[in-house]
Amino acid sequence: MGTERTENILLRCQNLALGYEGVRIVENLSFDLAQGAYLFVVGENGSGKSTLIKTLLHLRAPLSGTITADAGLRRGDVGYLPQQNPVQRDFPASVREIVRSGCLAREKHRPFYSKEEKRRAEAAMEKLGVAALATHCYRELSGGQQQRVLLARALCAAKKLLVLDEPVAGLDPVISAELYACIEQLNRENGLSVVMVSHDIPAAVRYASHILHIGHDQHFFGTTAEYLASPIGRVFADPEGGGQL
Amino acid sequence: MSMLMEKLAYYLAFPFVRYALIVGILIALCASLLGVTLVLKRFSFMGDGLSHVAFGALAIAAICNLSNQMLLVLPVTVLCAIVLLYTGQKQRIHGDAAIAMVSVGALALGYLGMSVFSTSPNLSGDICSTLFGSASILTLSATEVWLCVGMSVLVLAIFVLFYHKLFSVTFDEDFAQASGIRVRLYTLLIAVVIALVIVLAMKLVGSLLISALLIFPALAAMRLFKSFRAVTVCAAIFSVVCAVVGLLVSILAGTPVGPTIAAADIAGFLIFSLIGALTRR
């Protein structure tokens, strides 16, 4: 799927080298993200997946190489679902407060939310099935519900692109599948491009339009069909040899 | 009871008592609002460390015989707040170790400096009142009250205007930054405002007890409420009530102001914890 739309490139990364304080984790990374694409970023722990995400979000600068963004993709237009941080586990915040905070990027200088922003937040909660939890406390929700809330917040911020950092980590298979279904729906129906970091190669093969595999010495980037046919893909996606990450 | 009321009315007729109440309420309000962010961002110790820095700066100002001590104390405290916030992020010297280091260093050097160079006839009295704020709240001049009112209004305005952004930055720094909120700028803002509040609060409770004003209201509110807004509002009310109770008790019973307010905060916190434990079951 995806290939017919590649003429509209949202992000183009060329020869990226990533890392921090002089330590290079990833080198020679090049890929394109097309409008409407669903890109899985897979690879071993420590291969630099999260670093790549942070670089795409301008949270850190690449050591070298270039990222060219489509003119229509401004910095605040990206919806981000970070890995959970420990502060959030006992943070007193209602679901509605959290989802609304996703709207902040759009209006930089107004101190309060507009009606339109509040409606957006309600719509996002509706879409992800957490509207009934709006007044609940975030820390009392289950792991899957918490991820949906954070996804709703990301949806409030996203105009064109959703960036998800291991959204299913720590969730059981049933809840994971539900979350994947939500994300796929956002990709198909809302036309959002998705970049997802994951360890879940079977899910990647099932849902992704493109796969970026970051390895220690070589990377793979291509459509899912190309990945399955590639040497690296054959090793990792093979049902017998799979799940070894 | 009526005798108590009469006595209270008698004291309230004095302008300095009214000043103390106004300033006490404002400081308690500002401190509690910031305290919520401080506690949630795991910066509880920062308030403590900064108050010791303010004490050290005050000691230096006293040694140099500065006529307006705030001119030194405020910038030094602001600077330390910024340094501590950023070192906490970079993790080279771990945040809490850096705070402990700065805090105990400022306290020791401040006291040392004062005992070596001070010309005051009542040194230990001076130091005790800076540390525990024994009487300075009752000796405020009208100018100081206005200064305090001005600063408090500034702090409140900042808090209201940036409330949602502070929430976002506190709850999830990475997300906030990714959506284009200038996290470093707001962290800086938090640091500056904390320093402001601490310098103000030194007058009220003394530098050793400032943390009580910062953390108890937030912690108490978090026992009972589950949304950020409810916690913030509850902390503010809690703090003001405790400050007023503490001030009135200290005036009526002749106890030192700072510790009495802190005691009121502790009592309030215990009551809230109890209610929280009972309602959760």
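Rules used throughout
- Residues numbered from 1 in each chain as written.
- Chains lettered and ligands numbered in written order.
- Predicted model: local features only at pLDDT ≥ 70, side-chain atom pairs only at ≥ 80, totals over all residues.
- Heavy atoms only, no water.
- Helix = DSSP H or I, 4+ residues; strand = E, 2+ residues; numbered from the N terminus.
- Rg over C-alpha atoms; globule rule 2.2 N^0.38 Å.
- Buried < 20%, exposed > 50% of the residue type's maximum accessible area, 1.4 Å probe, protein only.
- Contact = heavy atoms within 4.5 Å.
- Areas by Shrake-Rupley, 256 points an atom, 1.4 Å probe, with all protein chains shown as cover.
- Buried area = accessible area lost by both parts, 1.4 Å probe.
- Salt bridge = Lys/Arg side-chain N within 4 Å of Asp/Glu carboxyl O.
- Polar contact = N/O pair within 3.5 Å; in protein donor to acceptor, adjacent residues only side chain to side chain.
- Nonpolar A, V, L, I, M, F, W, Y, C, P; charged D, E, K, R; others polar.
- Pairing = 2+ DSSP bridges.
- Right-handed = clockwise from strand over helix to strand, strands pointing away.
- Expected span 1.5 Å × (residues − 1).
- Phe/Tyr/Trp six-rings, centres within 6.5 Å; stacked < 30°, edge-to-face > 60°.
- Lys NZ or Arg CZ within 6 Å of the ring centre and 35° of its normal.
- Core = buried A, V, L, I, M, F, W, Y, C linked by side-chain atoms within 4.5 Å.
- Axes fitted to C-alpha atoms, helices over the stretch in contact; angles between N-to-C directions.

Draft legend 1. Spatial organisation of the overall build of chain B. Counting its secondary structure elements, chain B contains 13 helices and zero strands. Ordered by position from N to C terminus, the α and β elements of chain B give α-α-α-α-α-α-α-α-α-α-α-α-α. For 281 residues, the compact-globule estimate of 2.2 N^0.38 gives 19 Å, and chain B sits close to it at 19 Å. Looking at chain B as a whole, 51% of its 281 residues are labelled buried. In chain B, once contacts between residues fewer than 6 apart in sequence are set aside, the share between residues at least 24 apart is 75%. About 12,700 Å² of surface is accessible on chain B, with carbon and sulfur atoms providing 73% of the total.

Draft legend 2. Quick peek at the interface of chain B and chain A. Contacts between chain B and chain A engage 27 residues on the former and 38 residues on the latter. Taken over both partners, the interface formed by chain B and chain A buries close to 2,800 Å², and the fraction arising from carbon and sulfur atoms is 61%. Counting every contact that joins chain B to chain A gives three salt bridges. We note a salt bridge from K54(A) to D174(B), for which the minimum N-O separation is 4.0 Å. Our enumeration of links across chain B and chain A arrives at six residue pairs in polar contact (both at pLDDT 80 or more). Only α7 (142–161), α8 (163–171), α9 (173–178) and α12 (228–253) of chain B provide two or more residues apiece to the side of chain B that touches chain A. At seven residues, α8(B) tops the list of elements feeding residues into the side of chain B that touches chain A. Among the residues forming the side of chain B that touches chain A, the class breakdown is 13 nonpolar, seven polar and seven charged.

Draft legend 3. Summary view of the pairing of strand β6 (residues 161–165) of chain A. Residue and element names in this part refer to chain A. Judged by how many residues are buried, β6 sits mostly within the fold: five of five residues are covered. In β6, alternate side chains face the same way, and those of L161, V163 and D165 on one face and L162 and L164 on the other are all buried. Bridging between strand β5 (residues 78–81) and β6 involves four bridges; their strand directions are parallel. Residue pairing for β6: V78 is matched across the bridge by L161. Alignment of β6 against strand β7 (residues 193–197), held across five bridges, turns out to be parallel. In the strand pairing of β7, L164 is matched with M196. Remark: the β6/helix α5 (residues 173–189)/β7 crossover connection has right-handed handedness.

Draft legend 4. Quick peek at helix α10 (residues 183–205) of chain B. Residue and element names in this part refer to chain B. An ideal rise of 1.5 Å per residue puts 33 Å on 23 residues; α10 measures up with 31 Å between its terminal C-alpha atoms. Across the 23 residues of α10, 17 count as buried, placing the element largely inside the fold. Positive phi shows up at G206, right after α10, with a value of about 80°.

Draft legend 5. Structural view of the packing of aromatic side chains. Scanning the entire structure with this criterion turns up 19 aromatic pairs over all chains. On the basis of an interplanar angle of 45° and a centroid distance of 5.8 Å, the ring pair of F31(A) and F221(A) is categorised as tilted. A residue pair is termed long-range when its members are at least 10 positions apart, and F31(A) in strand β2 (residues 23–34) and F221(A) in strand β9 (residues 219–223) qualify at 190 residues. Following the ring pairs from residue to residue traces out a cluster consisting of F91(A), Y138(A), F159(B), Y163(B), F167(B), F171(B) and F228(B). Cation over ring: R153(A) sits above F175(B), and NZ or CZ is 3.7 Å from the ring centre.

Draft legend 6. Structural context of the side chain of T170(B). Among the structural elements, T170(B) can be located in helix α8. Take T170(B): its relative accessible area is 3%, and that puts it in the buried class. Excluding residues within four positions of it along the chain, T170(B) makes contact with V87(A), F91(A), T37(B), L40(B) and K41(B).

Draft legend 7. Layout of the pattern of salt bridges. Evaluation of the coordinates by the stated rule reveals 12 salt bridges over all chains. The salt bridge involving E122(A) is made with R96(A); its shortest N-O contact spans 2.8 Å. Of this pair, E122(A) sits in helix α3 (residues 115–127) while R96(A) sits in helix α2 (residues 95–100); the two residues are 26 residues apart in sequence, bridging distant segments of the chain. The exposure class of E122(A) is partly exposed, given its relative accessible area of 28%. Residue R96(A) is classed as partly exposed on the basis of its relative accessible area, which comes to 27%. The salt bridge partner of D172(B) is R153(A), with a shortest N-O separation of 2.8 Å. Of this pair, D172(B) sits in the loop between α8 and α9 while R153(A) is found in helix α4 (residues 143–157), placing the two residues in two different chains. With respect to burial, D172(B) and R153(A) carry one shared label: buried. Each member of the salt-bridge network shares a partner with another, and the members are R96(A), R100(A) and E122(A).

Draft legend 8. Geometry of the nonpolar core. Core analysis: the biggest nonpolar cluster contains 126 residues, and F40(A), V99(A) and L151(A) have the highest contact counts within it. The dominant element in this core, judged by the number of residues it contributes, is α10(B), at 14 residues. Apart from residues lying up to four places away in sequence, F40(A) is in contact with Y180(A), M196(A), S198(A), D200(A), A203(A), A204(A), Y207(A), A208(A), H210(A), I211(A) and L212(A). In this structure, L11(A), A34(A), L57(A) and A157(A) belong to the second largest nonpolar core, which totals 30 residues.

Draft legend 9. Representation of the sheet that holds strand β1 (residues 9–20) of chain A within the structure. All names here are of chain A. Taken together, three strands build an open sheet; the order of strands is β2-β1-β4 and the sheet is antiparallel. The sheet terminates laterally at β2 and β4 (64–69), the two strands that pair on one side only. In this sheet, adjacent strand axes meet at a mean angle of 15° when their direction is disregarded. The pairing of β1 with β2 spans eight bridges and is classified as antiparallel. Considered in β2, the bridge of L16 is made with L29. Set on the sheet, helix α1 (residues 49–56) makes contact with β1, β2 and β4; between it and β1 the angle comes to about 125°.

Draft legend 10. How the structure looks around the sheet that holds strand β3 (residues 38–43) of chain A. Residues and elements named next belong to chain A. Ordered in space as β5-β6-β7-β3-β8-β9, the six strands form an open sheet in which the pairing is mixed. Taken across any chain shown, the strands that pair with only one partner, and hence form the sheet edges, are β5 and β9. In this sheet, neighbouring strand axes are inclined to one another by 10° on average, regardless of whether the strands run parallel or antiparallel. Judged from the four bridges that link them, β3 and β7 form a sheet pairing that is parallel.

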